[in-house]
Amino acid sequence: MLIRSRLLRLLCALVLAVLAMAVGWVLRPAGPVPARAVVEAVADPVAVDVTRLHKVAQGDLPMPAGAAAAHASSLLVMPPGGPSALTVFWFSGERESGPGVQIAASQWDRSMQAWSAPHIVANRHVLGAQLGHGVRRLGNPVAWMDADGRIHLFVVATGWGGWAASRILHLRQSSHSLNLDALEFAPVRVLPLSWLWNTSHLVRNAPLPLADGGMVLPVHFELGWKYPVALRFDAQGDFKGMVRMSARKHLLQPTLLAQSPDHWIGLLRDESANGKVGAVATDDGGQHWRDLPDLALDNPDASVGGMALGAGQLVLAHNSSPGSRARLDLSHSSDGVHWSLLATLASGAPMDEFSYPSMAWADNSLWISYTVDRQRLAWQRFAPGGSP
Amino acid sequence: MNAVASLFSADNPSLPALGLVQLWLHLGWGTLLAWLGVRVGTRLGLRPRATWVLASALMVWAWLPGPYAPVHWLGLAFQGPSVMAVLLCAVDLVWRRTSLGRFREGPSFWSGAWLAAGVLLGWALLLDTLALLPVSLYAWGFNAAVPALLVLLALLPWVLQGGPVRQHSTSVLVIAVLAVCVALHLPTGNVWDALLDPWLWLYLNVRGIRTIIVKQRSISS
């Protein structure tokens, strides 16, 4: 096409640009409303005094037959009135990052007051066939239930390399029933999070539920530098965007705690020498984040897991020894800055490991699951109303 | 969020459905492998017929499912290729097959500018991946307004210089890539993934360095 007038050519370029914008706008889904967190995990937070939580039960989770390794559990609260109060997901196999590792699940049966026999819900060969490309290793499942009552699983799936070559695979419940025996998942997609062959983002901790039925999923990048990222999802589990949470390069595995609908804090594992629990905060519902001073709590480069039971009622499970994961504590706080010990969940010899805690509030109790020596999973249940 | 605000927001990306991504994996890597087959066949001095049989075989191989097909492993390691890389290979294959006259890029200033833009964009995206930029460049790639801005930038050589469109082959390619990205959201829904992948960026770096060396030699001689 030969157009001699420069002005006319400019006009043509502008028309094409507007056309591109218009097509993009027409094909684009509706944007999400500003994110406002659900602060109360507890139906009646006034009735729960976090300082009076006391242990009422504990035990080990049943492991799949022949599984020598288990790690990274994720607790999911099930709908009230159903047969199960909780579903727990974890990865299990011959060893961490082994080719035989699969995603296992178990459910807390309300009538039996016990965990069901484990059931495998995802394996890399099936997922690879469904995705159309290979999946080398699986790990770190994180579960969430959308507004339609479907379970979503976010799973670390490695490419060519170790954990640093990971991507986050989004799975959605494909079965009609929430019963464990029938529970099946199908891939939605590999989440597009970075330009570098879409490596190296990992997920570990539970999402922060939002008032619109959506959630914010905390993840992190870990190729060399490590930094946290918050991912937004709508009520149906559609990806809505990403925001970097810190300017520091040694923080990973954020856990999110809402202090008000707009003001949230993120507490993080710190891989630096003599690390403390790292902290970040947002005052505008996750649109912008700022770094906070480290907490006084030691962190031996280990995952922390926390939640807000209500405004000013924060709980955090964390390893508290500077150089090992031999002790796992449960602490509470009203402001997210100053923390007090509530209970020691587990402790052992220096080479013992109690790690990767996950927590949820269900059936008027705080439930905590964690890894023991990377071989099995343990759980504890705390009820309100004990002596402070 | 109102409609105008949503245009300038990266908070409502349009992502491709899984079926479309799978199709792109096979089509994209198949095209790249076929192009590679032609290059290798030509370099090895194979007869044209044998070269095209090799390229066709590689293309067919890419459509097979499972771990015996290259897409299984290429997707595992690198996900899907960029639309730009696939279009460049496809156009080169068509030119070689049909012996049509090649597009030309007009004055060398613009070909150098395109090369520099690709190299710089890749460096910026790499630094952003490592969180070494103060802004989140990759997230902007989900913004609906960014493809429109890129259309304007792509047409800048044509607006400033004029001439027949076939003299602005890179502009045409960029517009085609943006069209695929806006309409089909391939390969990931992020416009940067459509424009440039790390392999293409590495190729541009090598080509840029070679161009600089050749220019230095010609100046010194």
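What this report covers is the structure whose coordinates are included nearby.

How each quantity is defined
- Residues numbered from 1 in each chain as written.
- Chains lettered and ligands numbered in written order.
- Predicted model: local features only at pLDDT ≥ 70, side-chain atom pairs only at ≥ 80, totals over all residues.
- Heavy atoms only, no water.
- Pairing = 2+ DSSP bridges.
- Helix = DSSP H or I, 4+ residues; strand = E, 2+ residues; numbered from the N terminus.
- Axes fitted to C-alpha atoms, helices over the stretch in contact; angles between N-to-C directions.
- 1 Å grid on protein atoms, 1.4 Å probe; cavity = no way out; pocket = protein on both sides within 12 Å on 5 of 7 lines; lining within 4 Å.
- Points joined across faces, edges and corners; volume = space filled by probe spheres on them.
- Nonpolar A, V, L, I, M, F, W, Y, C, P; charged D, E, K, R; others polar.
- Contact = heavy atoms within 4.5 Å.
- Buried area = accessible area lost by both parts, 1.4 Å probe.
- Salt bridge = Lys/Arg side-chain N within 4 Å of Asp/Glu carboxyl O.
- Polar contact = N/O pair within 3.5 Å; in protein donor to acceptor, adjacent residues only side chain to side chain.

Here's the deal with the sheet that holds strand β18 (residues 278-282) of chain A
Backbone hydrogen bonds are what pair the strands of a sheet, in a parallel or an antiparallel way.
Residues and elements named next belong to chain A.
So, step 1. A sheet is described by the order of its strands in space; here 4 strands give the open sequence β16-β17-β18-β19, paired in antiparallel fashion. With one partner strand each, in any of the chains shown, β16 (251-258) and β19 (290-292) form the two edges of the open sheet. Mean inter-strand twist for the sheet, computed between neighbouring axes without regard to direction, equals 30°.
So, step 2. Bridge count for β16 against strand β17 (residues 264-270) is 6 bridges, and the pairing is antiparallel. Across the sheet, residue L252 finds its bridge partner in β17, namely R269.

Some remarks on the sheet that holds strand β25 (residues 365-372) of chain A
All names here are of chain A.
So, step 1. With respect to topology, 4 strands assemble into an open sheet ordered β1-β26-β25-β24, the strand pairing being antiparallel. One side of each edge strand has no neighbouring strand; the edge strands of this open sheet are β1 (54-60) and β24 (354-362). The mean angle between the axes of side-by-side strands here comes to 20°, regardless of whether they run parallel or antiparallel.
So, step 2. Inspection of the sheet shows β24 paired to β25 by 7 bridges, in the antiparallel sense. In the strand pairing of β25, S358 is matched with S369.

Some points on the layout of surface pockets
Residues and elements named next belong to chain A.
So, step 1. Size it by volume and the second largest pocket reaches roughly 980 Å³.
So, step 2. In terms of lining, the second largest pocket is formed by 45 residues, of which the most central are A41, V77, P207, P209 and M307.
So, step 3. Elements with a minimum of two residues in the lining of the second largest pocket: β2 (69-77), β7 (137-145), β12 (208-209), β16, β20 (305-310) and β24.
So, step 4. In terms of residue count, the dominant contributor to the lining of the second largest pocket is β24 (6 residues).
So, step 5. In terms of residue class, the lining of the second largest pocket is made up of 30 nonpolar, 10 polar and 5 charged.

A short note on the interface of chain B and chain A
So, step 1. Counting residues at the interface gives 64 residues for chain B, matched by 54 residues for chain A.
So, step 2. Both sides of the chain B and chain A interface together cover about 5,200 Å² of buried area, and 67% of this is carbon and sulfur.
So, step 3. Ranking the residues of chain B by area buried against chain A places L76(B), Q79(B) and T129(B) at the top, with a combined share of 12%.
So, step 4. At the junction of chain B with chain A, the criterion picks out 1 salt bridge.
So, step 5. The partner of R244(A) in a salt bridge is D128(B), and the shortest N-O contact between them spans 2.6 Å.
So, step 6. Linking chain B with chain A are 15 residue pairs in polar contact (both at pLDDT 80 or more).
So, step 7. Of all the elements, helix α4 (residues 70-78) of chain B adds the most residues to the side of chain B that touches chain A, at 7 residues.
So, step 8. The residue inventory of the side of chain B that touches chain A, partitioned by class, reads 43 nonpolar, 17 polar and 4 charged.

By themselves, these figures tell us nothing about what the structure is for.
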